[in-house]
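The chain contents come next:
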Amino acid sequence: MRIMRVEKTLVSTNRQAELGHRPLLVVRDKPGAVPLVAVDAIGCIPGDWVICVSSSAAREAAGSKSYPSDLTIVGIIDNWNPEG
Amino acid sequence: MRIMRVEKTLVSTNRQAELGHRPLLVVRDKPGAVPLVAVDAIGCIPGDWVICVSSSAAREAAGSKSYPSDLTIVGIIDNWNPEG
Amino acid sequence: MRIMRVEKTLVSTNRQAELGHRPLLVVRDKPGAVPLVAVDAIGCIPGDWVICVSSSAAREAAGSKSYPSDLTIVGIIDNWNPEG
Amino acid sequence: MRIMRVEKTLVSTNRQAELGHRPLLVVRDKPGAVPLVAVDAIGCIPGDWVICVSSSAAREAAGSKSYPSDLTIVGIIDNWNPEG
Amino acid sequence: MRIMRVEKTLVSTNRQAELGHRPLLVVRDKPGAVPLVAVDAIGCIPGDWVICVSSSAAREAAGSKSYPSDLTIVGIIDNWNPEG
């Protein structure tokens with residue numbers, strides 16, 4: 001799993017129905033890095049450091065085997081020091 | 001999921017029948033980056049910033065579990081500032 | 001999917017029976033890049049620019065769910081300008 | 001599989017129930033590299049060099065097909081010389 | 001698939017039972033590159049240039065759908081010139 005920081009919510013009005021109402025969050029592993037989009041299955045707020053699961057495991061972690069996700073947040077890290 | 005920009009349609013006359021009639025689009029995450037090919041399941045036009053799902057989730061997102069896709073567009077982003 | 005160029009056929013006499021008789025081709029996304037091996041499900045010749053599907057979709061695209069491929073050619077691009 | 005070194009345990013109080021009680025460990029392939037999070041299915045201690053399986057195989061290696069892991073430790077290496 | 005060179009056998013006494021007795025080999029795509037671990041399903045010796053399949057296809061190529069592999073050797077290349 002990857003360690004990423006939540007930046008903001010991504011708004012996509014025109015999207016697949018299968019994405020449902022789960023929030024899509026912009027996450028980065030460090031400032032300036034390529035932003036990715038993760039499905040929030042926990043309830044995060046901007047600034048949280050989170051654990052993101054990718055690969056086929058991201059689908060079920062987002063709710064069901066047919067959910068179209070390749071990156072899903074499965075936990076919030078209690079304390080993370082990115083310099084650590 | 002990855003954030004990519006739609007560049008143009010890719011024409012491939014000689015291709016697997018399983019690809020059907022879904023458009024194949026050339027996408028890049030920034031100008032000059034390596035181009036990738038995504039299946040359009042939404043209806044995009046060049047210039048759109050889109051959400052692309054990869055991994056095994058790309059298959060069902062393209063229409064069925066047996067669709068040969070590893071990158072499928074699942075949403076158009078309302079407003080995306082690549083510098084943001 | 002990735003855009004790759006066919007370079008040559010790869011000969012592997014000692015290989016898994018599950019690979020069958022499908023040609024294995026050396027492909028690169030640009031000159032000097034790391035070479036990869038793709039299963040040819042179309043009928044390509046050296047010099048062709050092709051669409052390669054990776055991930056779990058590469059298996060069925062190569063013929064069956066149990067085919068041991070992680071990169072399969074699913075289409076030949078009609079016109080590709082690598083500088084484009 | 002990747003060769004990684006165990007650094008420490010990661011604490012995430014607010015996490016998916018499916019993660020259960022398996023330890024989540026911070027691992028790196030070399031000092032200063034991007035840290036990843038792996039599920040410990042063996043019983044490791046900080047400093048161990050371990051074999052990590054990724055992709056869909058990480059799920060079953062963590063205990064079941066529905067376990068949300070994309071990186072699971074499947075073995076401890078007896079002797080590993082990172083300069084080797 | 002990736003083209004890798006076999007370096008040596010990896011010894012892991014404390015490992016998951018599901019790995020069975022298949023040899024685990026250290027492979028690299030060039031000298032000095034990050035070493036990976038591949039399951040040998042062919043019977044290789046150090047120095048061989050081999051074809052490695054990754055992703056979900058690596059599991060069945062290693063013997064069964066539940067084998068915890070993400071990189072499996074499926075063929076030995078007859079002649080490989082890494083400068084080629």
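Scroll up to find the structure this text is about.
Criteria and thresholds
- Residues numbered from 1 in each chain as written.
- Chains lettered and ligands numbered in written order.
- Predicted model: local features only at pLDDT ≥ 70, side-chain atom pairs only at ≥ 80, totals over all residues.
- Heavy atoms only, no water.
- Helix = DSSP H or I, 4+ residues; strand = E, 2+ residues; numbered from the N terminus.
- Rg over C-alpha atoms; globule rule 2.2 N^0.38 Å.
- Buried < 20%, exposed > 50% of the residue type's maximum accessible area, 1.4 Å probe, protein only.
- Contact = heavy atoms within 4.5 Å.
- Buried area = accessible area lost by both parts, 1.4 Å probe.
- Salt bridge = Lys/Arg side-chain N within 4 Å of Asp/Glu carboxyl O.
- Polar contact = N/O pair within 3.5 Å; in protein donor to acceptor, adjacent residues only side chain to side chain.
- Pairing = 2+ DSSP bridges.
- 1 Å grid on protein atoms, 1.4 Å probe; cavity = no way out; pocket = protein on both sides within 12 Å on 5 of 7 lines; lining within 4 Å.
- Points joined across faces, edges and corners; volume = space filled by probe spheres on them.
- Nonpolar A, V, L, I, M, F, W, Y, C, P; charged D, E, K, R; others polar.
- Least-squares fit on C-alpha atoms with pLDDT ≥ 70 in both.
- Disulfide = S-S within 2.5 Å.

## Let's talk about the overall build of chain A
- Within chain A, the regular secondary structure consists of one helix and six strands.
- Along its sequence from the N terminus, chain A presents helices and strands in the succession β-β-β-β-β-α-β.
- The C-alpha radius of gyration computed for chain A amounts to 12 Å, which stays within 12% of the reference 12 Å derived for 84 residues, consistent with globular compactness.
- With respect to the three principal axes, the spread of C-alpha positions in chain A is 40 × 25 × 20 Å.
- Sorting the 84 residues of chain A into buried and exposed places 55% on the buried side.
- Sequence separation of 24 or more characterises 50% of the internal contacts of chain A that already satisfy a separation of 6 or more.

## Topic: the interface of chain A and chain D
- Chain A puts 21 residues into the contact, and the matching count from chain D is 28 residues.
- Summing the contributions of chain A and of chain D, the shared interface buries around 1900 Å²; its carbon and sulfur component is 56%.
- Applying the counting criterion to the chain A and chain D interface returns zero salt bridges.
- One can count ten residue pairs in polar contact (both at pLDDT 80 or more) joining chain A with chain D.
- Taken together, the elements giving at least two residues each to the side of chain A that touches chain D come down to strand E1 (2-9), strand E5 (49-54), helix H1 (57-61) and strand E6 (71-76) of chain A.
- In terms of residues, the side of chain A that touches chain D owes the most to one element, E5(A), which gives four residues.
- Looking at chain direction, E6(A) and strand E2 (residues 14-15) of chain D are connected through two bridges and run antiparallel. Within E2(D), the position partnered with A:Gly75 by the bridge is D:Arg15.

## Comments concerning the environment of E:Val37
- When you line up the elements, E:Val37 lands in strand E4 (residues 36-40).
- C-alpha of E:Val37 to C-alpha of E:Leu71: the two residues are 34 residues apart in sequence and 7.2 Å apart in space.
- Non-local contacts of E:Val37, meaning those with residues more than four positions away in its chain, are made with D:Met1, D:Ile3, E:Leu10, E:Leu24, E:Leu25 and E:Leu71.

## Quick notes on the interface of chain C and chain B
- Counting residues at the interface gives 21 residues for chain C and 28 residues for chain B.
- A buried area of about 1900 Å², summed over both sides, lies between chain C and chain B, and 56% of it is on carbon and sulfur atoms.
- In terms of surface lost to chain B, no three residues of chain C exceed C:Met1, C:Asp78 and C:Trp80, which account for 30% of the buried area on that side.
- Counting across the interface, chain C meets chain B through zero salt bridges.
- At the surface where chain C touches chain B, the tally comes to ten residue pairs in polar contact (both at pLDDT 80 or more).
- Mapped onto the side of chain C that touches chain B, the elements with two or more residues apiece are strand E1 (2-9), strand E5 (49-54), helix H1 (57-61) and strand E6 (71-76) of chain C.
- In terms of residue count, E5(C) provides more of the side of chain C that touches chain B than any other element does, four residues in total.

## Things to note about empty space enclosed by the protein
- Throughout the structure, instances matching the rule amount to one cavity of 30 Å³ or more.
- The calculated volume of the largest cavity comes to roughly 30 Å³.
- If you trace the largest cavity, you find it lined by A:Ser56, A:Ala57, A:Glu60, A:Ala61, D:Arg59, D:Lys65, D:Ser66, D:Tyr67 and D:Pro68.
- When residues in the lining of the largest cavity are grouped by element, the largest group, three residues, is from H1(A).
- Of the residues in the lining of the largest cavity, the class split is four nonpolar, two polar and three charged.

## Things to note about the relation of the copies chain A and chain D
- If you rotate chain A by 72° and push it 0.0 Å along the axis, it lands on chain D with an RMSD of 0.0 Å. With respect to symmetry, the two chain copies, as superposed, fit the operation of a five-fold axis.
- Here only 10% of the contact residues of chain A are again contact residues in chain D; the copies associate through non-equivalent surfaces.

## Description of the state of the cysteines
- Per the counting criterion, the structure on display carries zero disulfides over all chains.
- Note on E:Cys44: no disulfide assigned, nearest cysteine sulfur contributed by E:Cys52 at a separation of 8.1 Å.

## Here's the deal with the relation of the copies chain C and chain B
- Superposition of chain C onto chain B requires a rotation of 72° combined with a translation of 0.0 Å along the rotation axis, giving an RMSD of 0.0 Å.
- By residue overlap, the copies meet through two different surfaces: only 10% of the interface positions of chain C are interface positions in chain B.

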